[in-house]
Amino acid sequence: MQLTMDTITFDDFLKVELRVGKVVSAEVFAQARKPAYVLHVDFGPELGVRKSSAQITDLYRPEDLVGRLVVGVVNFPRKQIGPLMSECLVTGFHNERGEVALCVPDRPVPLGTRLL
């Protein structure tokens, strides 16, 4: 089976601001409809700390997330998720069981670095 998808230009890709951040705190998002954490992610001095709701509870515990590097979209509009105003989207991939594994750099890079 061949996957069909829309193609985009490089300029389209550049519109998405994918940046490296470090999780500085993580706690259970008790008011979420589906199990989730509230993450506070530091994207460096230019962008600062941003909040996100992340449905990653199957593979991660809050205490294991603090200090981890993640990749987040930082130029989506803010989104109200229950009582939380989400300010970025932390990225990940679904595994064969539908659990989300974080998208992470495999080497240390400065906070706020853009994915190219």
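Quantities reported herein were computed from a predicted structural model and do not represent experimental measurements.

Caption draft 1: Summary view of the overall build of the protein. Looking only at helices and strands, the protein features two helices and nine strands. Taken from the N to the C terminus, the helices and strands of the protein come in the order α-β-β-β-α-β-β-β-β-β-β. Over its C-alpha atoms the protein spans a radius of gyration of 15 Å, differing by no more than 12% from the 13 Å that the globule rule assigns to 116 residues. Across its three principal axes, the protein shows a C-alpha extent of roughly 40 × 40 × 30 Å. Sequence separation of 24 or more characterises 59% of the internal contacts of the protein that already satisfy a separation of 6 or more.

Caption draft 2: Spatial organisation of the layout of surface pockets. The space that makes up the largest pocket amounts to roughly 720 Å³. Taken together, the residues that form the lining of the largest pocket break down as 14 nonpolar, twelve polar and seven charged.

Caption draft 3: Summary view of the side chain of Ser 53. With respect to the secondary-structure elements, Ser 53 resides in strand 3 (residues 49–54). Beyond its immediate sequence surroundings of up to four residues, Ser 53 is in contact with Phe 29, Ala 36, Tyr 37, Ile 81, Leu 84 and Ser 86.

Caption draft 4: Expanded view of the environment of Pro 110. With respect to the element layout, Pro 110 can be found in the segment after strand 9 (100–102). Once the C-alpha coordinates of Pro 110 and Leu 65 are considered, the two residues, 45 residues apart in sequence, prove to be 18 Å apart.

Conventions we followed
- Starting from 1, residues in each chain are numbered consecutively following that chain's sequence as written.
- Given that this is a predicted model, residues contribute local features only at a pLDDT of at least 70 and side-chain atom pairs are listed and counted only at 80 or more, while totals for whole chains, interfaces and linings are drawn from all residues.
- Hydrogen atoms and water are omitted, and side-chain values are computed over all heavy atoms in the structure.
- For the purposes of this entry, the term helix denotes a DSSP run of H or I that reaches at least four residues, the term strand denotes a run of E that reaches at least two, and both are numbered from the N terminus.
- With C-alpha atoms as the basis for the radius of gyration, the globule rule is written as 2.2 Å multiplied by the number of residues raised to the power 0.38.
- We call two residues in contact whenever any of their non-hydrogen atoms come within 4.5 Å of each other.
- In the cavity and pocket records, a cavity denotes points on a 1 Å grid over the protein atoms alone where a 1.4 Å probe fits but cannot get out, a pocket denotes an open set with protein on both sides within 12 Å along at least 5 of 7 lines, and lining residues are residues with an atom within 4 Å of a point.
- Grid points are joined across faces, edges and corners, and a volume is the space filled by probe spheres set on the points.
- Under this grouping Gly is polar, as are all residues other than the nonpolar Ala, Val, Leu, Ile, Met, Phe, Trp, Tyr, Cys and Pro and the charged Asp, Glu, Lys and Arg.

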